[in-house]
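This is what each chain is made of:
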Amino acid sequence: MQPRHLMSLADLSPAQINRVLTHSLALKHRSKPWLTPTPPTSHKSTKSLRLPSQSLFLKTIALLFSKRSTRTRIAAETSAELLGGRALFLGGDDIQLGVNESPRDTAQVIGSMCQGIFARVGDHSEIETLAKYSNVPVLNALSSLWHPTQVLADLLTLHEQANLQKSWLLHKEDDTKKSKPSTTKTPPIVLTELRPLTIAYVGDSANVLHDMLVTYPRLGHHLRVASPEQYRAPTEVWDRRDPKEAVQNADVVVTDTWISMGQEAEKEERLRAFQGYQEGNASPDWKFLHCLPRKPDEVDDEVFYGPRSLVFQEAENRKWTIMALFDMLFGKWNLYDEEIKAP
């Protein structure tokens, strides 16, 4: 049986994307009680708790990272452990890849000892070579072209925000009716449906935007993009707008770091080009997302730490969406199936 790989969310249908999100939310709810501190005097017991899927029991996932990482690495290592397995970090200084061993040979060696490869690379061609010669599934943690796990985390955050809004409206309705507390059982975990959103991206043409472009329109959302002329994507995929026009009446505003790893020499040039693109005067109606790490030039503290910002919930959701992908792609090999089972 040949392994399937995930390079971009373009590889998944809208239904498959929603199944990943539903599974992420279920794993989050299943795992959280195990991770909550329990005081010695507490009468709570873990006997009534169910473990999340243990599909990685005795399995090892190789974290092949040629770029440094905070959220992706922490999410991957903790997710593998929750699924009963182990994440093996292989940094650029740890193995022979790129020194005196080819990606083709590396893929075959890792695949003979590990059950999955989570690769954070530079040029996208590197991960394509790994996938071509690997006999285990390869998942893109980040490449020059795509960043699928980031956009999944953003989507999960927006669904959770929609659920909070829905719950608030229901409670308000109950208070108005003065209804008695419900005695029904807790309903199963479901993914709250998102109404069609207007999402504004302010930044350059980078991997996060590319996955947004192949994902949000297929899910029924309208994507606006604003960027300096020299940092725009091709016309075929670009909604050319002034930044103020792009964010007007938007439900969600997203930006990315303007100076990515490897672009430090371009700092002054990029900062000049992005003058006027900082998000600072936000209205209270929309939410703000940023993949992090954030620099003050990109967004001011009022927005970043304010009530519109979902950035830290978004960061945590990297863990649950990566955990779902590990379970479905590496553990069960059912990411591309029509149905998934409960965690």
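Because the structure is predicted, anything quoted here is derived from the model rather than measured.

*Asks:* Before we go on, may I ask you to explain the overall build of the protein in this structure?
*Replies:* For the protein, the helix and strand inventory stands at ten helices and nine strands. Residues counted as buried form 50% of the 343 residues belonging to the protein. Split by element, the accessible area of the protein, about 17,700 Å² in all, is 52% carbon and sulfur.

*Asks:* I keep staring at the sheet that holds strand β2 (residues 86–91) and nothing clicks. Help me out?
*Replies:* By definition, the strands of a sheet pair up through backbone hydrogen bonds, in either a parallel or an antiparallel sense. In space, the four strands of this open sheet follow the order β2-β1-β3-β4, with parallel pairing throughout. The sheet is open, and its two edges are formed by β2 and β4 (138–142), each paired on a single side. Each strand axis lies, on average, 20° off the axis of its neighbour in the sheet, ignoring direction. Here five bridges tie strand β1 (residues 60–65) to strand β3 (residues 116–120), and the two strands are oriented parallel to one another.

*Asks:* I would appreciate a short explanation of the nonpolar core in the present structure.
*Replies:* Soluble, globular proteins show a tendency: their nonpolar side chains are buried together. If you look at the biggest cluster of nonpolar residues, it comprises 54 residues, and the most contacted ones within it are Phe118, Met212, Phe326 and Leu335. Among the elements that make up this core, the one with the highest residue count is helix α10 (residues 311–331) (nine residues). Methionine 212 has contacts with Val151, Ile199, Tyr201, Pro217, Leu223 and Val254, leaving out every residue within four places of it along the chain. Residues Leu64, Ile127, Leu130 and Val136 belong to the second largest nonpolar core, which totals 15 residues.

*Asks:* Looking at this model, I keep getting lost on the side chain of threonine 149. Mind explaining?
*Replies:* One can find threonine 149 in helix α5 (residues 148–177). There is a polar contact of 3.0 Å between the side chain of threonine 149 and the side chain of arginine 318. The contact partners of threonine 149, leaving out residues within four places of it in the chain, are Phe118, Asn140, Ala141, Arg318, Thr321, Ile322 and Leu325.

*Asks:* Looking at this model, I keep getting lost on the environment of leucine 130. Mind explaining?
*Replies:* In this structure, leucine 130 sits in helix α4 (residues 124–133). Taking the C-alpha atoms as reference, leucine 130 lies 9.7 Å from serine 102; in sequence the two are 28 residues apart. Not counting residues up to four positions away in its chain, the partners in contact with leucine 130 are Leu64, Pro103, Ala107, Ala119 and Val138.

*Asks:* Can you help me understand unusual backbone geometry in this one?
*Replies:* If a residue is not glycine, its phi is most likely negative; likewise, a peptide bond is most likely trans. Residue proline 293 follows leucine 292 across a cis peptide bond; omega there is 0°. With respect to the secondary-structure elements, proline 293 resides in the loop between β9 (287–290) and α9 (301–304). The residue leucine 58 is not glycine, and still its phi comes out positive at about 65°. Note that leucine 58 resides in the loop between α1 (14–35) and β1.

*Asks:* Just checking my understanding: could you explain the pairing of strand β8 (residues 252–255) for this structure?
*Replies:* Note on strand geometry: in a regular strand, side chains alternate between the two faces of the sheet. Burial of β8 is two-sided: the residues Val252 and Val254 facing one way and the residues Val253 and Thr255 facing the other way are all buried. The pairing of strand β5 (residues 198–202) with β8 spans four bridges and is classified as parallel. If you follow alanine 200 over to β8, its bridge partner there is valine 253.

*Asks:* I tried to follow the side chain of glutamine 150 on my own but got confused; where do I start?
*Replies:* Within the secondary structure, glutamine 150 sits in helix α5. Glutamine 150 gets classed as buried once you look at its relative accessible area, which sits at 2%. Separated by 2.9 Å, the side chains of glutamine 150 and aspartate 154 make a polar contact. Ignoring any residue separated from it by four or fewer positions in sequence, one finds glutamine 150 in contact with Val208, Cys291, Glu314 and Arg318.

*Asks:* Sorry, what's going on with α10 here?
*Replies:* An α-helical turn contains 3.6 residues, so a residue and the one three or four places further along point in the same direction. Across its 21 residues, α10 extends 29 Å between first and last C-alpha, which sits within 8% of the 30 Å expected from 1.5 Å per residue. Counting buried positions over the 21 residues of α10 gives 16, a clear majority of the element. One or two residues past the end of α10 sits tryptophan 333, with phi positive at roughly 55°.

*Asks:* Quick question: what am I supposed to make of the packing of helix α2 (residues 71–82) against α10 here?
*Replies:* Axis angle and axis distance: for two packed helices, these are the angle between their axes and the distance between the axes, and together they describe the pair. The N-to-C vectors of α2 and α10 enclose an angle of 50°; their axes lie 8 Å apart at closest approach. Classified by the angle between their axes, α2 and α10 sit oblique to one another. Judged by the twist between their axes, the crossing of α2 over α10 is right-handed. Of the residues in α10, those in contact with Arg71, Thr72, Ala75, Ala76, Thr78, Ser79, Ala80 and Leu82 of α2 are Ala315, Arg318, Lys319, Trp320, Ile322, Met323 and Phe326. Of the residues assigned to the contact of α2 with α10, the class counts are nine nonpolar, three polar and three charged.

*Asks:* Explain the packing of α1 against α10 here, please?
*Replies:* Viewed as axis vectors pointing N to C, α1 and α10 meet at an angle of 110°, and their least axial separation amounts to 8 Å. By the criterion of interaxial angle, the relationship of α1 to α10 is roughly perpendicular. Between α1 and α10 the crossing geometry is right-handed. For the pair α1 and α10, the contacting residues are Val20, His23, Ser24, Leu27, Lys28, Ser31, Lys32 and Leu35 in the first and Glu316, Asn317, Lys319, Trp320, Thr321, Met323, Ala324, Leu325, Asp327 and Met328 in the second.

*Asks:* Mind showing me how you'd approach the confidence of the model for the protein here?
*Replies:* As a note on interpretation, predicted positions should not be read in detail where pLDDT is low. Of all residues in the protein, 78% attain a pLDDT of 70 or more, and the chain-wide mean is 84. Counting interchain partners and residues more than four positions distant, the pLDDT-below-50 stretch residues 168–173 has zero contacts.

*Asks:* Got a minute to help me understand the pattern of salt bridges in this structure?
*Replies:* Side chains that differ in sign of charge can pair as their charged atoms come close. In the structure shown here, the tally under the stated rule is six salt bridges. The shortest N-O distance in the salt bridge between lysine 32 and glutamate 316 comes to 2.7 Å. With lysine 32 in helix α1 and glutamate 316 in helix α10, this pair connects stretches of sequence that are 284 residues apart. Relative accessible area serves as the criterion here: at 29%, glutamate 316 is assigned to the partly exposed category.

Parameters at a glance
- Residues numbered from 1 in each chain as written.
- Predicted model: local features only at pLDDT ≥ 70, side-chain atom pairs only at ≥ 80, totals over all residues.
- Heavy atoms only, no water.
- Helix = DSSP H or I, 4+ residues; strand = E, 2+ residues; numbered from the N terminus.
- Buried < 20%, exposed > 50% of the residue type's maximum accessible area, 1.4 Å probe, protein only.
- Areas by Shrake-Rupley, 256 points an atom, 1.4 Å probe, with all protein chains shown as cover.
- Pairing = 2+ DSSP bridges.
- Axes fitted to C-alpha atoms, helices over the stretch in contact; angles between N-to-C directions.
- Core = buried A, V, L, I, M, F, W, Y, C linked by side-chain atoms within 4.5 Å.
- Contact = heavy atoms within 4.5 Å.
- Polar contact = N/O pair within 3.5 Å; in protein donor to acceptor, adjacent residues only side chain to side chain.
- Expected span 1.5 Å × (residues − 1).
- Parallel < 35°, antiparallel > 145°, perpendicular 65-115°, else oblique.
- Left-handed = near helix turned anticlockwise from the far one by under 90°.
- Nonpolar A, V, L, I, M, F, W, Y, C, P; charged D, E, K, R; others polar.
- pLDDT = per-residue confidence, 0-100.
- Salt bridge = Lys/Arg side-chain N within 4 Å of Asp/Glu carboxyl O.

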